[in-house]
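Fold and contact review
Take a look at the letters that make up each chain.
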Amino acid sequence: MTGFPPTPAFPVTRMRRTRTQNWLRRLVRENQLTVDDLIWPIFVVEGAGKRQPVPSMPGVERLSIDMLAEEVGQAKELGIPAVAVFPYTEDNLKTPDGREAVNGDNLVCRSVREIKKHVHDMGVLCDVALDPYNSDGHDGIVKNGIIVNDETVEILCQQSIVQAQAGCDVIAPSDMMDGRVGAIRKALDAHGFQDVTIMAYAAKYASAFYGPFRDAVGSGGTLTGDKKTYQMDPGNIDEALREVALDIAEGADMVMVKPGLPYLDVVSRVKRQFGVPTYAYNVSGEYAMLRAASQQGWLDYPSAMMEMLTGFKRAGADGILTYAARDAAKILRAG
Ligand code: PBG
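Reference entry: report on the structure contained in this document. (Residues numbered from 1 in each chain as written. Predicted model: local features only at pLDDT ≥ 70, side-chain atom pairs only at ≥ 80, totals over all residues. Heavy atoms only, no water.)

1. Describing the environment of proline 53
Relative to the helices and strands, proline 53 is located in strand β2 (residues 51-53). Sequence-wise, proline 53 and leucine 63 are ten residues apart; in three dimensions their C-alpha atoms are separated by 9.0 Å. Apart from the residues within four sequence positions on either side, proline 53 is in contact with Val60 and Glu61. (Helix = DSSP H or I, 4+ residues; strand = E, 2+ residues; numbered from the N terminus. Contact = heavy atoms within 4.5 Å.)

2. Brief notes about the site of the ligand
In the vicinity of the ligand lie 18 residues, with Lys204, Lys227, Lys258, Ser284 and Tyr323 positioned nearest. With respect to the ligand, the side chain of aspartate 139 contributes an N or O atom lying 2.9 Å from a nitrogen atom. Here an oxygen atom of the ligand and a side-chain polar atom of lysine 204 are 2.7 Å apart. Protein burial of the ligand: of its 400 Å² of free accessible surface, 100% is covered by the chains. Applying the majority rule of atoms within 2 Å of the grid points places the ligand in the largest cavity. Secondary-structure elements contributing two or more residues to the shell around the ligand are β9 (197-204) and α6 (211-217). Residue classes in the shell around the ligand are distributed as eight nonpolar, three polar and seven charged. (Near = heavy atom within 4 Å. Polar contact = N/O pair within 3.5 Å; in protein donor to acceptor, adjacent residues only side chain to side chain. Areas by Shrake-Rupley, 256 points an atom, 1.4 Å probe, with all protein chains shown as cover. 1 Å grid on protein atoms, 1.4 Å probe; cavity = no way out; pocket = protein on both sides within 12 Å on 5 of 7 lines; lining within 4 Å. Sits in = over half its atoms within 2 Å of the grid points. Nonpolar A, V, L, I, M, F, W, Y, C, P; charged D, E, K, R; others polar.)

3. What about the packing of aromatic side chains?
Taken as a whole and assessed by the stated rule, the structure comprises nine aromatic pairs. Judged by centre distance (5.8 Å) and plane angle (10°), the ring pair of phenylalanine 43 and tyrosine 323 falls under stacked. With phenylalanine 43 in strand β1 (residues 38-45) and tyrosine 323 in the loop between β12 (319-322) and α11 (325-334), this residue pair connects regions lying 280 residues apart in the sequence. In this structure, phenylalanine 43 and tyrosine 323 share a single accessibility class: buried. Ring geometry for tyrosine 281 against tyrosine 323: centres 6.1 Å apart, planes inclined by 45°, an arrangement best described as tilted. (Phe/Tyr/Trp six-rings, centres within 6.5 Å; stacked < 30°, edge-to-face > 60°. Buried < 20%, exposed > 50% of the residue type's maximum accessible area, 1.4 Å probe, protein only.)

4. Observations concerning the nonpolar core
If you look at the biggest cluster of nonpolar residues, it comprises 110 residues, and the most contacted ones within it are Phe43, Ile115, Met199, Tyr281, Met305, Leu309 and Leu321. Setting aside residues no more than four positions away along its own chain, leucine 321 makes contact with Ile39, Pro41, Ala84, Leu125, Met199, Met256, Tyr279, Ala280, Tyr281 and Asn282. (Core = buried A, V, L, I, M, F, W, Y, C linked by side-chain atoms within 4.5 Å.)

5. Some details on the pattern of salt bridges
Within this structure, the stated rule accounts for 21 salt bridges. For arginine 51, the salt bridge identified is with glutamate 61, shortest N-O distance 2.9 Å. A residue pair is termed long-range when its members are at least 10 positions apart, and arginine 51 in strand β2 and glutamate 61 in strand β3 (residues 61-64) qualify at ten residues. Of the charged contacts in the structure, one is a salt bridge between arginine 51 and glutamate 71, with a shortest N-O distance of 2.6 Å. With arginine 51 in strand β2 and glutamate 71 in helix α2 (residues 68-78), the pair connects residues that are 20 residues apart, well separated along the chain. Ionic contacts of the salt-bridge type, sharing partners, join the residues Arg51, Glu61, Glu71 and Arg326 into one network. (Salt bridge = Lys/Arg side-chain N within 4 Å of Asp/Glu carboxyl O.)

6. A closer look at the environment of glutamine 194
Along the chain, the position of glutamine 194 falls in the loop between α5 (180-190) and β9. For glutamine 194, a relative accessible area of 49% gives the class partly exposed.

7. Some words on unusual backbone geometry
The peptide bond linking phenylalanine 10 to proline 11 adopts the cis configuration, its omega dihedral lying at 10°. Counting through the fold element by element, proline 11 comes out in the segment before α1 (22-28). Residue lysine 258 is joined to proline 259 through a cis peptide bond whose omega torsion reads -10°. Relative to the assigned elements, proline 259 resides in the loop between β10 (254-258) and α8 (264-274). A positive phi is found at aspartate 121, a non-glycine position, where the angle reads about 55°. As for its placement among the helices and strands, aspartate 121 is situated in the loop between α3 (107-118) and β5 (123-128). According to the relative accessible area criterion, aspartate 121 is exposed, its value standing at 68%. One non-glycine residue with positive phi stands out, namely methionine 176, at about 65°. Mapping methionine 176 onto the fold places it in the loop between β8 (170-173) and α5. Relative accessible area serves as the criterion here: at 4%, methionine 176 is assigned to the buried category.

8. Observations concerning helix α9 (residues 284-295)
A rise of 1.5 Å per residue sets the reference length of α9, with its twelve residues, at 16 Å; its end C-alpha atoms lie 16 Å apart and thus fit the reference within 8%. Along α9, the residues classified as buried are Ser284, Gly285, Glu286, Tyr287, Ala288, Leu290, Arg291 and Ala293. Among the residues trailing α9, glycine 297 stands out with phi positive, at a value near 80°. (Expected span 1.5 Å × (residues − 1).)

9. Looking at the packing of helix α10 (residues 301-315) against α11
Following both chains from N to C, one finds α10 and α11 inclined at 95°, their axes separated by 10 Å at the closest point. Here α10 is positioned roughly perpendicular relative to α11, judged by the angle of their axes. Packed against α10, whose contacting residues are Tyr301, Pro302, Met305, Met306 and Leu309, the element α11 presents Asp327, Ala328, Ile331 and Leu332 at the interface. Split into classes, the residues belonging to the contact of α10 with α11 amount to eight nonpolar, no polar and one charged. (Axes fitted to C-alpha atoms, helices over the stretch in contact; angles between N-to-C directions. Parallel < 35°, antiparallel > 145°, perpendicular 65-115°, else oblique.)

Dropping the structure here:
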């Protein structure tokens with residue numbers, strides 16, 4: 001039992017008493033999702049006038065750049081504080097060295113410029129990792145079957161700089177290379193980007209829940225092998241705390257746990273232990289599960305989704321990256 005004095009026994013204490021009325025339930029509610037907690041990941045694609053549905057993520061579309069002002073503008077109207085931009089990269093731009101990542105005119109950089117030009121007071125977050133651009137589908141450079149750490153970190157630093165130059169506010173390294181947060185911080189500072197924020201994918205697990213995302217960005221088909229030599233083993237939590245401690249020590253402003261739902265214990269431990277801004281990524285597979293079940297008529301998407309997002313808050317997350325951000329914002333607005 002928590003608290004002092006100890007709770008008197010039934011019938012003096014009736015736990016149902018505070019559940020009897022809606023106003024009272026509202027009054028005793030401990031955790032509440034607000035629109036300020038939401039980061040909306042979006043997928044962008046080359047071309048014009050495009051809205052390509054992602055089959056494994058019902059309700060999610062890849063958007064061409066000319067759609068961004070309107071779509072992101074709507075998110076801003078709903079009060080969503082930030083978007084995360086992910087590119088669908090054409091196969092002909094994928095190379096073993098992932099060089100398209102450092103092209104300051106690549107799809108992501110052009111998308112960021114477009115958003116910044118048309119939508120004000122909206123945060124833009126960009127992933128740092130090579131998987132959209134690497135012909136092996138890996139987050140780093142592959143040499144003789146090994147994902148090489150230090151060479152990858154050098155390219156990630158350049159990728160961070162071109163994204164910052166495009167106007168990106170939050171650099172989010174999702175690659176899980178060692179030492180990248182410190183190197184990126186140094187590179188950003190050296191180029192005058194002291195105020196560009198780093199949200200580290202600090203504890204990122206080698207998960208089966210990323211499948212639909214890899215469809216959305218077109219990296220699923222190209223991936224050779226798995227990501228277990230850099231992403232974490234799902235059985236580990238002490239190791240997650242070490243990862244987070246290192247990223248904070250290297251200069252991360254915010255840390256993220258990913259995936260979300262199967263790792264809420266990690267979110268909770270991280271928030272309690274470090275007290276830094278802590279985010280959870282409610283990943284593509286988690287979103288797809290809810291959508292698929294609701295398409296079957298087995299779950300009610302809006303209520304299951306809101307319950308899920310509230311769970312992230314209860315676990316201690318300061319915010320959630322979720323494909324349901326706009327749906328949630330609309331529900332919150334309707335009250
Ligand atoms: C790329 C990246 C991935 C996700 C975000 N950034 C996939 C991966 O690591 O393979 C997954 C997001 C999701 O599933 O929604 N490094």
